[in-house]
Amino acid sequence: MIGGQGGDGTLTVSDLLGRYFRKRGLYVYTSRNVLSRIRGGHADASVRASRDAVAAVKSKVDVLVAFDREAIELGRAELESHGFVLYDSTTFQSDLPNSVGFPFATLVGGPLGAPIFKNTAAYGALSVLLGFDPAMTRSVIEERFKRRGGEALEKNLKALEIGRKAALEAPGVAGRFSVTDGDAHNLILTTGNQAVALGFVVGGGRFFAGYPITPATEIMEYLQRYLPAFHGVVRQAEDELAAVNMIIGASYAGARVMTSTSGPGLSLMTEGIGHAGAAEVPIVIADCQRVGPSTGQPTRHEQSDLSHLANLGHGEFPRFILAPATPDDAFHLTIDALNLADRWRLPVILLLDQALCQNTTTSVRFDGTGARVDRGKRLASDAAERLTQYKVYEATEDGVSPFAPPGTPGLWSEVTGNEHDEWGHVSVNVPNRIRMMRKRMEKMVKARDELPSCRTFGPSSAKIGLIGYGSTSGPIDEVQRTLSNRGVATRYLQARTVYPVPVHEIDPFLASVDVAYVIEHNYTGQFARLLRETMPWHHAKMRSILKYDGHTFRAPDVIAEIREVA
Amino acid sequence: MPAQSAKPVPPIWCPGCGDFSVLAAVKRAAADLKIPVHDLVLVGGIGCSGSIHNFLEVNGIHALHGRLLAQAVGVKLANPALTVVAAGGDGDGYAIGMGHFMHAFKKNASILYIVMNNETYGLTKGQASPTSQLGFEGNVEPPFHSILTALSIPAPNFIARTFSGDPKGMTAILSEALRFNQEGRGFAFVEDLSPCVTYNDTYKLWREKVVDVAKMPNYDPTDRKVMFQLCLEAVEQGRIPIGVFHRPKEVAADGLERKLVPGPDGPARTDIRVEPNYAAYEKLLAGLA
C-alpha cells in the first residue's frame, strides 16, 4: 500500500510496481482510494501481485509506503504482523514497528531541484527492500516516462538511483522481501473502463456522447483517442440530458451509439432512456456505479443502482441490464450490448462498478476474432424496391420491427415516444395500446435465450451457494479458494444478465444448494430483492452479505458472514 | 410501385393557428431546395407546434420536451448528408430546453431550429411562458428575448425572426436558412411569431408592432454590435423587429459536423462490420501494454 497527500504521486508508485510485477510474470491487481479533489487530502493505492489470478484487494498489507501521517495511521490498522513500513521522514516520524524512514523529498530536492521526484525515489528504495532486479526496475521507469522523454525521464532515473542508494546504505533493508517469478506472460494491464471503450470500437460503436463524471470519464477519454480513426464521433455534451438525447438522435440516424455515466448522471438520463424505450431506439448506457445517493462519494465503490435501473423511468418499457465481472468480460459484454440493442431495438445498460471501472488488473489480451456485428432487422438501402409498405412499428412475431434510418431512398417514418400505431402515428386506440405494450414488453421474455448466460464456479455438489455480479466476483473467487483449502465446497453463480432476472438459470442453481449468500455492495440487498421477487419459492434460502462503506469486499469480510463456516 | 411510407395526418391545430404558416413555409422551402423526403428529418418538440412533423411527408422524430436540439445535433453528426430541422415552441425551447438552446449556438451544427413563439403554453391551456408579456396570466417576470440572446453568443450562426402573418417573408427566410445549412455553414435559428388564436390571440397587435429590421437605419446583419443595438432600441420602443439579424460575413463551411466528420463516411454510414476493420482492431488491441 502506498499512501500520501493527493499530488504526492502515490498512483505513480502503484503504476510502477504494477508494471514491474507484470514483467515478472505475476498477476497484478491495483486499487486506488482517492478523494474527489485535484490536489491534497490523503490518497492511497494498493498493489497486489500473485502467482495466481487475483481480482481483489488483499486483506492485510505486507509493505506500506507512507508519504504522510495518515498513511501511518492506516498502517497501524492494516499491516500484517510481519509488515514493513518505508516512509518519507522529511516532515514526520513513524512509530510503527519495522519502520525505516528516508527523507525522500530532501534527498531529491537538492540534486533534482524539486521534491516531486520523491515518489520515484521511494520506488527505488522499495525495489531494494523487495529485492527487485535492478535492470528491470530501471526499464520500468524508462517505459513509464519514455513518452514524456528528455528531462522527465532523466530526472526520474536519477531519483530512482537516489532512492536505491539510500536503501542500500541503510541496515536491514536490502532484500528483506523477495519476489518469485510467475508464469503469467503476455497479459495486459487494463481497467474496465478501457475494456468498455475497446469493446465499443470493435462492436462497431461509432457515436459516443457523454458528460464528465467520476468514475466514468475515462470511457469518453479513451474513445476520444480511438474513435476518430474509425470515422467515429465523440461529443462532450452540455449535460447528461443532452448526452443521452444526442445518442438517441445518432442511433435513429443509423449509428451504433453509447453513453457512459454514473449515478447522478444516470438520474438525469432516466428521461431519455425512457424515451428510447417507448420510441424503440437502440441505445447503450454504461453505468459506472459509485456511492450514492445524490452526489454521494464520487470516487468510492458501490453497487446501488440496480433497483433504479430495473424500474427506471416512469411507465413501463423493456430494457436489458448486463453486468461484466472483469475487463475481459466487459470487452465482450459491450459488444453483446451493442448487438442486443440493435437486435431488439431497446435500451441496454452495462452495469459496471467503480472497482471494475478504475482498478487496474492483469487481463488476457482482448480477442476480437469472435466478434460480430448484428444489426438485427435493419433494412438495406435498396429496401424500398422490395417492400410494398414500410411501417416503422410493424407488428411481428418477436415484436421487433424492421427499421430504415433516414436517408434510405424512398422510405421515411414517424418515430415517437407518444403511444403510436404501426405507422408511428399518435394513437389512443384501446386495442392498439394493448398490442403495442405487449409488442414492447414481451421482448424481455422472447430475448431470453439470446441474453448473456450466468457463469458458475465450484463443484455442482456444493451445498453453499454464493451469488453476485460485477467486480465482487474477484473477492468471491478468493473466498472460494480460501474455503476450498479448508475443505469447504462452495459454488458461485456470477449473473451476467441481471435484468430481466435469468430465472431459468438461477432457479436450478438455487434448487441445488441449501443456502445462497447474495453478496453485493448496497444497504438494502437490491439483487437479493429482485431474486426474491422473481423466485419467491426460494425466499428462505437466500441471505444477504452487504457492504456499503465505499470499499470493496475483502475475502475475510465475506467468510465471516457465512454462518456454516464462521 | 414504390413502397408506401407514413402518410401525414391532419393537423391538430386550432383553425387560424400561426403554426399553419410555418407548416406551409417549411413545405415550400424544402421543395424550393429540392430536398428528397427521405433525406429530410424533422425533429419535433413537445407542445402544439412540436407535432408539426406529423403533418407533412418527412422523416419525423418526436423528441422529449426541450430535448429536440440534442437529438437533432445527434442526427446531423451521425449522418451529415441529412437536412435536419428541429421545430418546437417557446416553452420547449426557452424554458425546459434553455440549456440546449444556448449550447446549440455554440455547437454550431448545420441544422435549422424553428421556434414557434406564441408567448404562452397553448397545449396545457394558456399558462405564462418565458416570452409572456408582464401581466399575462399573472406573469411578473420580464419576457425572454431570443434574438438579443442569440446575438450575444459570438458564433457564426444565421439568426432570423419571422411572423406568421407574413408567410411569404417567412418562406424566403426559411429557404435562406436551409441553404445556409446545406452549405455546412452552421446553425440557423429562426423564431417565428406564431399567435395562439385560443389563448393569446396577438395577430392584430403584432401586425401593428412588427417592423422589418432591414428597413431600420444602419442595418447590417454582418455586424453583431449594430444589430444588437437596433434590436434593443426597437424592443425598448415597443416594436417587434423581424427579418435577418445575423448573416455571418465568413463563408467558411465549418459547421460542427464538418469539423468532426471530415469525409462522407459519418458514424451512420461508415462500414462497421468486423471483417473490413479487423486489421485496424488488431493493431489497436496489440498496442495495449
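Residues numbered from 1 in each chain as written. Chains lettered and ligands numbered in written order. Predicted model: local features only at pLDDT ≥ 70, side-chain atom pairs only at ≥ 80, totals over all residues.

Draft legend 1. How the structure looks around the overall build of chain B. Tallying secondary structure elements over chain B gives ten helices and ten strands in all. Here the C-alpha atoms of chain B give a radius of gyration of 20 Å, agreeing with the 19 Å that 2.2 N^0.38 yields for 289 residues. When the backbone C-alpha atoms are referred to their principal axes, chain B occupies close to 70 × 45 × 40 Å. In chain B, which comprises 289 residues, the share counted as buried stands at 51%. When contacts within chain B are restricted to residue pairs at least 6 apart in sequence, those whose partners lie at least 24 apart make up 73%. (Helix = DSSP H or I, 4+ residues; strand = E, 2+ residues; numbered from the N terminus. Rg over C-alpha atoms; globule rule 2.2 N^0.38 Å. Buried ≥ 20, exposed ≤ 12 C-beta atoms within 10 Å, placed from the backbone. Contact = placed C-beta atoms within 7 Å.)

Draft legend 2. Summary view of the domain arrangement of chain A. For chain A, the assigned domains are domain 1 (2–169), domain 2 (191–363), domain 3 (377–451) and domain 4 (453–559). Residue composition of the side of domain 1 of chain A that touches domain 4 of chain A, grouped by class: three nonpolar, two polar and no charged. (Domains from an automatic or database assignment. Nonpolar A, V, L, I, M, F, W, Y, C, P; charged D, E, K, R; others polar.)

Draft legend 3. Summary view of the interface of chain B and chain A. Opposite the 53 residues of chain B that make contact, chain A presents 64 residues. At the level of secondary structure, the elements contributing two or more residues to the side of chain B that touches chain A comprise strand S2 (59–62), helix H2 (68–78), helix H4 (98–107) and helix H10 (274–286) of chain B. For the side of chain B that touches chain A, the leading source of residues is H2 of chain B, giving eight residues. A breakdown of the residues in the side of chain B that touches chain A according to their chemical character gives 30 nonpolar, 18 polar and five charged. In the sheet, strand S15 (residues 414–416) of chain A pairs with S2 of chain B via three bridges, with the strands oriented parallel. Pairing of Val-415 of chain A across the sheet is with Ile-61 of chain B, part of S2 of chain B. (Pairing = 2+ DSSP bridges.)

Draft legend 4. Examining the nonpolar core more closely. Of all hydrophobic cores here, the largest spans 246 residues; its most connected members are Ile-247 and Val-284 of chain A. Residues in contact with Ile-247 of chain A, not counting those within four places in the same chain, are Phe-207, Ala-209, Val-257, Met-258, Thr-259 and Ile-283 of chain A together with Gly-74 of chain B. (Core = buried A, V, L, I, M, F, W, Y, C linked by C-beta atoms within 7 Å.)

Draft legend 5. Quick look at unusual backbone geometry. Residue and element names in this part refer to chain A. Residue Pro-215 is reached from Thr-214 by a cis peptide bond, and omega for that bond is 0°. Among the structural elements, Pro-215 can be located in the loop between strand S8 (207–210) and helix H8 (217–226). Of the consecutive residues Tyr-499 and Pro-500, the connecting peptide bond is found in the cis state with omega at -5°. Looking at the element boundaries, Pro-500 is found in the loop between strand S19 (497–499) and helix H17 (503–512). Look at Asn-98: it is not a glycine, yet its phi comes out positive at around 55°. Turning to its location among the elements, Asn-98 is positioned in the loop between strand S5 (79–88) and strand S6 (99–102). Using a count of 18 C-beta atoms within 10 Å as the deciding quantity, one classes Asn-98 as partly exposed.

Draft legend 6. View of the packing of H2 of chain B against H4 of chain B. Residue and element names in this part refer to chain B. Two numbers describe how H2 lies on H4: the axes approach to 9 Å, and their chain directions differ by 30°. Here H4 runs roughly parallel to H2, going by the angle between their axes. Of the residues in H4, those touching H2 at Leu-69, Ala-70 and Val-73 are His-100, Phe-101, Ala-104 and Lys-107. For the contact of H2 with H4, the per-class residue count stands at five nonpolar, one polar and one charged. (Axes fitted to C-alpha atoms, helices over the stretch in contact; angles between N-to-C directions. Parallel < 35°, antiparallel > 145°, perpendicular 65-115°, else oblique.)

Draft legend 7. Here's a closer look at helix H4 (residues 118–129) of chain A. Under the 1.5 Å per step criterion, the end-to-end length of H4 of chain A is 16 Å for twelve residues, consistent within 8% with the ideal 16 Å. Most of H4 of chain A sits out of view: twelve of its twelve residues are buried. (Expected span 1.5 Å × (residues − 1).)

Draft legend 8. Representation of the pairing of strand S8 (residues 188–193) of chain B in the model. Residues and elements named next belong to chain B. Burial analysis of S8 places six of its six residues in the buried class, the great majority of the element. Alignment of strand S4 (residues 112–117) against S8, held across six bridges, turns out to be parallel. Across the sheet, the residue bridging to Val-115 is Glu-191, located in S8. In this structure, strand S7 (residues 158–163) lies alongside S8, joined through six bridges in parallel fashion. Bridging from a neighbouring strand, Arg-161 pairs with Glu-191 of S8. Regarding the hand of the β-α-β motif, the stretch spanning S7, helix H6 (residues 167–182) and S8 is right-handed. (Right-handed = clockwise from strand over helix to strand, strands pointing away.)

Draft legend 9. Up close: the pairing of strand S2 (residues 27–33) of chain A. All names here are of chain A. Counting buried positions along S2 gives seven out of seven residues, so the element sits mostly inside the fold. Where S2 and strand S3 (residues 42–50) come together, seven bridges link them in antiparallel fashion. In the sheet register, Tyr-29 faces S3, and the bridge partner there is Arg-48. Both S2 and strand S14 (residues 360–363) contribute to a ladder of two bridges, which runs antiparallel. Bridge pairing in S14 links Tyr-29 to Thr-361.

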